[in-house]
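# Structural features, examined
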Amino acid sequence: MSTTASPAPGAGSRPGGRSARVRAAVHLAVRELVADDPGEPLTIPVLAARAGVHATTVYRRWGTVGELLADVATSRFSGDIVVPDTGSLRGDLERYASDLAKDLCDPDTLALVRATIGIGGEQGAAACRGERQQQLEAILERERARGGQPPTLERTTDAVLAPLYYRAVFTDDPLTPEWTRTLVSHLLPD
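The structure contained in this document is the topic of the report that follows. (Residues numbered from 1 in each chain as written. Predicted model: local features only at pLDDT ≥ 70, side-chain atom pairs only at ≥ 80, totals over all residues. Heavy atoms only, no water.)

Secondary-structure assignment places R76 in helix α4 (residues 65-77). Separated by 36 residues in the primary sequence, R76 and L112 place their C-alpha atoms 9.2 Å from one another. Within the structure, R76 has its side chain in polar contact with the side chain of D103 (distance 2.6 Å). (Helix = DSSP H or I, 4+ residues; strand = E, 2+ residues; numbered from the N terminus. Polar contact = N/O pair within 3.5 Å; in protein donor to acceptor, adjacent residues only side chain to side chain.)

Take a look at the structure:
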């Protein structure tokens, strides 16, 4: 007969504990630093100090600034734009492009995108486009379910997503509703 006590349920895990607080503090520090002081170098020690945690904690969890930015971007862009359902592919894509343009016009969002792509390389770019491509795929899949023959995800990404990100990140040209509608009209000519 064993007299060894079983560990208490949940022993060893701390959901919502210190790990979650550290992640939230570091994510907030990243967002604040890229938005408030783009001239400040993004280094693990600077980010850790701003978050109020030790740099080794950040190194252990994320490894590099690029990985940290990718994590922040993935967290920020997950579920922030609702996939529209207007009843037509054109309507869905127009609303989607308009909503994404509004999001990219937010200075804090744009600063995070620029930093993530600039420092995070391919990993950062993947973090910025991953959720967006999943959203586009959901729109295209819905059109297939309605019996339509939508363009491929690659073609839709090239026609809608790529110009939006290019204009937001690399130019000062406005992302107006009229302009976003032209992206969809080029993809889906009448």
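This part takes up the packing of helix α1 (residues 18-36) against helix α6 (residues 107-145). Packing of α1 against α6 brings their axes to within 8 Å, and their N-to-C directions diverge by 100°. Taken together, α1 and α6 sit at an angle that is classed as roughly perpendicular. Listed contacts from α6 to V30, V34 and A35 of α1 are D108, A111, L112 and A115. Here the contact of α1 with α6 is built from residues that sort into six nonpolar, no polar and one charged. (Axes fitted to C-alpha atoms, helices over the stretch in contact; angles between N-to-C directions. Parallel < 35°, antiparallel > 145°, perpendicular 65-115°, else oblique. Contact = heavy atoms within 4.5 Å. Nonpolar A, V, L, I, M, F, W, Y, C, P; charged D, E, K, R; others polar.)

Our next topic: the layout of surface pockets. Approximately 190 Å³ is the volume found for the largest pocket. Lining the largest pocket, in full, are I117, A125, C128, R129, T157, L161, A162, Y165, Y166, V169 and F170. Within the residue set of the lining of the largest pocket, elements represented by two or more residues are α6 and α7 (153-170). For the lining of the largest pocket, the leading source of residues is α7, giving seven residues. Residue composition of the lining of the largest pocket, grouped by class: nine nonpolar, one polar and one charged. (1 Å grid on protein atoms, 1.4 Å probe; cavity = no way out; pocket = protein on both sides within 12 Å on 5 of 7 lines; lining within 4 Å. Points joined across faces, edges and corners; volume = space filled by probe spheres on them.)

This brings us to the pattern of salt bridges. Applying the stated criterion across every chain yields a total of 14 salt bridges. We note a salt bridge from R142 to D85, for which the minimum N-O separation is 3.7 Å. Here the residue R142 occupies a position in helix α6, and D85 occupies one in the loop between α4 and α5 (89-105), the gap between them amounting to 57 residues. R146 serves as the salt-bridge partner of D85, at 3.5 Å between the closest nitrogen and oxygen. Of this pair, D85 sits in the loop between α4 and α5 while R146 sits in the loop between α6 and α7, and the two are 61 residues apart along the sequence. Residue R146 is classed as partly exposed on the basis of its relative accessible area, which comes to 34%. (Salt bridge = Lys/Arg side-chain N within 4 Å of Asp/Glu carboxyl O. Buried < 20%, exposed > 50% of the residue type's maximum accessible area, 1.4 Å probe, protein only.)

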